[in-house]
Amino acid sequence: MKDVRKHHPDTQCVHASLIHDETGCVVTPIYQTSTFSFRNVDHGAALFSGKVKGYIYTRMGNPTVESVETAVAVLEKGYAGIGCASGMAASHLTISSLVGAGDHMICSRAVYGPTAGLARNVMSRFGVKTTFVDTSDIANIAGAITPETKLIFIETPGNPTMAVTDIEATARLAHDNGIKLAVDNTFMSPILQRPLEWGADVVVHSMTKFLNGHADVVAGIVVVNNEEDYQHFRRMSNYLGGTIDPFNSFLVARGIKTLAIRIERHCSNAMKLAQYLEQHPQVERVMYPGLKSHPQYDRHRKQARGPGGLISFELKGGIEAGKILMNSVELLVLAVSLGGVESLIQHPASMTHSSMERADRLQAGITDGLVRISVGIEDADELIADLEQGLAKIK
Ligand code: LCS
């Protein structure tokens, strides 16, 4: 196998998921099998004991799954990846691998709604307490640490407010206190941001988004940076069972091949849309880390290679104006999710973050009037023209 780790990320996207085998296949095939036969009883026992490497049962490992796990681990500069059935399964695997009854965790206030729900409504039932803070201010994290804190879980930029947390400073603070740092890197993809390079211990992705990129798969992944964590997470994944299947792994590996060029276009399109929105008289404010007006503009530039494809904004006319815009767009699709080739528009307060209590939502900066766009790879001028005609309908 080529040493893909030494290559540029653009090259890694194309080559890192290929498993070289005796057939000479150029693409890793779909090993659509639930189980693998043993040569004899001793071979089966050796595989189970770990003395011999090989495949046993697809929940525990599968070549197609491994190909996408390898690709993302290489891109994240991690040790290994564990494919999951969804981004939520990846967050669940991460949290339940690192905290247990009596432990405490700190979580960004601006996170994907169900991630907050997982901490608040599921982990709490197993004796794990969570404090939600605005992690874009390191003092808030420091102030929330208790002797029981075992995990800091951040999203940066956060969904949907785009608040940026300093990964390096948070990792230092975490490690000084014997705490692990997990970063949900879904909004950036490893092309733009590699949290392990800044000291994070675990990276989580919803591969449903940029990594797959074509809005036809729900999948997730966890990337860790050492053998001990890998063995622990792999065991936990086997018990929890929220693993990815071979067909979805194949589709995500296929998507990753064009990740680098897609991300380039997502960023340049989003920059154009953000600049357009920022100067529009109907727009109150735009939250996009590529704009100088973003409160953590410099911090984001330090830790990421680009601003990404997500834009949040508020209209002067609040939610009523937002509804007119969202009901008027013709090219942008009114739908949740993000990171696909097509541009999507949605209303976090009533959609992606509707599972949060209103007070918690407002505290996180997710106002009723906030609108989020996932900018796709279409022609930017046509996207702007679509917004223009929609905004013109607001009186
Ligand atoms: N992490 C982030 C940052 C997300 O945005 C999402 C989903 C997840 C994790 C969960 O991933 P999933 O289980 O869906 O693969 N975010 C969505 C959103 O903003 N709109 O629809 C889904």
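No experiment lies behind these values; they were computed from the predicted model shown. (Residues numbered from 1 in each chain as written. Predicted model: local features only at pLDDT ≥ 70, side-chain atom pairs only at ≥ 80, totals over all residues. Heavy atoms only, no water.)

S.K.: Looking at this model, I keep getting lost on the overall build of the protein. Mind explaining?
M.R.: When its secondary structure is counted, the protein shows 15 helices and twelve strands. A compact globule built from 395 residues should have a C-alpha radius of gyration of about 21 Å, and the protein, at 21 Å, falls within 12% of that. Oriented by its inertia axes, the alpha-carbon framework of the protein measures out at about 75 × 50 × 35 Å. For the protein, the proportion of contacts with a sequence separation of at least 24, taken over those separated by at least 6, is 73%. Total accessible area on the protein is roughly 16400 Å²; 53% of this is exposed by carbon and sulfur atoms. Here the protein contributes 37 positive and 41 negative side-chain charges, whose respective centroids are spaced 2 Å apart. (Helix = DSSP H or I, 4+ residues; strand = E, 2+ residues; numbered from the N terminus. Rg over C-alpha atoms; globule rule 2.2 N^0.38 Å. Contact = heavy atoms within 4.5 Å. Areas by Shrake-Rupley, 256 points an atom, 1.4 Å probe, with all protein chains shown as cover. Lys, Arg positive; Asp, Glu negative; His and termini not counted. Charge placed at Lys NZ, Arg CZ, Asp CG, Glu CD.)

S.K.: Help me understand the sheet that holds strand β9 (residues 310-315) in this model?
M.R.: Sheet architecture is open: five strands sit in the order β8-β9-β12-β11-β10, paired in mixed fashion. Each edge of the open sheet is held by one strand with a lone partner, namely β8 (283-287) and β10 (333-334). Contacts from helix α13 (residues 318-328) reach β9, β10, β11 (344-346) and β12 (370-374) within the one sheet, and its direction differs from that of β9 by about 125 degrees. (Pairing = 2+ DSSP bridges. Axes fitted to C-alpha atoms, helices over the stretch in contact; angles between N-to-C directions.)

S.K.: Just to check I follow, could you spell out helix α5 (residues 113-122) for this structure?
M.R.: In an α-helix, one turn spans 3.6 residues, which is why side chains three or four residues apart end up on the same side. Turning to α5, its buried residues number three or more, namely Gly113, Thr115, Ala116, Gly117, Leu118 and Ala119. Buried residues belonging to α5 abut α4 (87-98), β2 (104-108), β3 (129-133) and β4 (149-155). (Buried < 20%, exposed > 50% of the residue type's maximum accessible area, 1.4 Å probe, protein only.)

S.K.: Sorry, what's going on with the nonpolar core here?
M.R.: The nonpolar side chains of soluble globular proteins are, as a tendency, buried together. In terms of nonpolar packing, the biggest core is built from 53 residues, with Ile152, Leu181, Ile191, Met207, Val252, Ile256 and Leu259 touching the most fellow members. Examining the composition of this core, we find that seven residues originate from one element, helix α3 (residues 63-75), more than from any other. Every residue in contact with methionine 207, bar those within four places of it in the chain, is listed here: Val68, Val72, Asn212, Ala219, Gly220, Ile221, Ile244 and Val252. Counting 27 residues, the second-largest nonpolar core is a separate cluster that includes Ile95, Leu98, Phe132 and Tyr230. (Core = buried A, V, L, I, M, F, W, Y, C linked by side-chain atoms within 4.5 Å.)

S.K.: Can you help me understand the site of the ligand in this one?
M.R.: Taken together, 18 residues lie near the ligand, and Asp184, Ser206, Thr208, Lys209 and Arg372 sit nearest. Within the backbone of glycine 87, a nitrogen or oxygen atom sits 2.8 Å from an oxygen atom of the ligand. Contact between the ligand and arginine 372: an oxygen atom at 2.7 Å from a side-chain N or O atom of the residue. When isolated, the ligand has an accessible area of 480 Å², and the protein chains bury 93% of it. For the shell around the ligand, the residue count by class is six nonpolar, eight polar and four charged. (Near = heavy atom within 4 Å. Polar contact = N/O pair within 3.5 Å; in protein donor to acceptor, adjacent residues only side chain to side chain. Nonpolar A, V, L, I, M, F, W, Y, C, P; charged D, E, K, R; others polar.)

S.K.: When you look at the sheet that holds strand β6 (residues 202-206) in this model, what are you seeing that I'm missing?
M.R.: Hydrogen bonds between backbone atoms are what pair the strands of a sheet, whose relative direction is either parallel or antiparallel. Read from one edge to the other, the open sheet built from seven strands follows the order β1-β7-β6-β5-β4-β2-β3, with strand pairing classed as mixed. Strands with a single pairing partner mark the edges of an open sheet, and in this sheet they are β1 (80-84) and β3. Averaged over neighbouring strand pairs, the angle between their axes works out to 20 degrees when direction is ignored. Pairing of β2 with β4, which is carried by four bridges, proceeds in the parallel orientation. Its bridge partner being in β4, cysteine 107 is matched across the sheet by phenylalanine 153. Lying on the sheet, α5 is in contact with β2, β3 and β4; it crosses β3 at an angle near 145 degrees.

S.K.: Where do I start with the pattern of salt bridges in this structure?
M.R.: When the charged atoms of two side chains lie near each other, side chains of opposite charge can form a pair. If you walk through the whole model with that rule in mind, you get ten salt bridges. Among the ionic pairs, aspartate 360 bridges to arginine 120, the shortest N-O distance being 3.4 Å. Taken as a pair, aspartate 360 in helix α14 (residues 358-363) and arginine 120 in helix α5 lie far apart in primary sequence, 240 residues in all. Look at arginine 120 and you get partly exposed, because its relative accessible area is 34%. Here aspartate 229 ties to lysine 180 by a salt bridge, and the two come within 2.9 Å at their closest N and O atoms. Taken together, the positions of aspartate 229 in helix α9 (residues 227-240) and lysine 180 in strand β5 (residues 180-184) put the pair 49 residues apart, joining distant regions of the chain. A single network of salt bridges, built from pairs that share partners, joins Asp166, Glu168 and Lys302. (Salt bridge = Lys/Arg side-chain N within 4 Å of Asp/Glu carboxyl O.)

S.K.: Help me understand the environment of threonine 28, please; the structure alone is not making it clear to me.
M.R.: Here threonine 28 lies in the loop between α1 (9-15) and α2 (41-49). Owing to a relative accessible area of 6%, threonine 28 belongs among the buried residues under this scheme. Expressed as a C-alpha distance, the spacing of threonine 28 and threonine 58, which sit 30 residues apart in the sequence, is 16 Å. With residues up to four places along the chain from it excluded, the contact list for threonine 28 reads Ser17, Leu18, Ile19, Pro63, Thr64, Ser67 and Phe250. In terms of polar contacts, threonine 28 uses its side chain to reach the backbone carbonyl oxygen of serine 17, at 2.7 Å. Here isoleucine 19 takes part through its backbone nitrogen, which lies 2.9 Å from a polar atom of the side chain of threonine 28.

S.K.: Got a minute to help me understand helix α11 (residues 259-278) in this structure?
M.R.: Between its first and last C-alpha, α11 extends 28 Å over 20 residues, near the 28 Å set by a 1.5 Å rise per residue. When we look at burial in α11, the residues that qualify are Leu259, Ala260, Arg262, Ile263, His266, Cys267, Asn269, Ala270, Leu273, Ala274, Tyr276 and Leu277. (Expected span 1.5 Å × (residues − 1).)

S.K.: I'm lost on the confidence of the model for the protein in this one. Help?
M.R.: Summarising the model, the protein shows a mean pLDDT of 97, and 99% of its residues fall at 70 or more. Confidence, expressed as mean pLDDT per element, reaches its minimum in the protein at α14 with 92 and its maximum at strand β7 (residues 220-224) with 99. (pLDDT = per-residue confidence, 0-100.)

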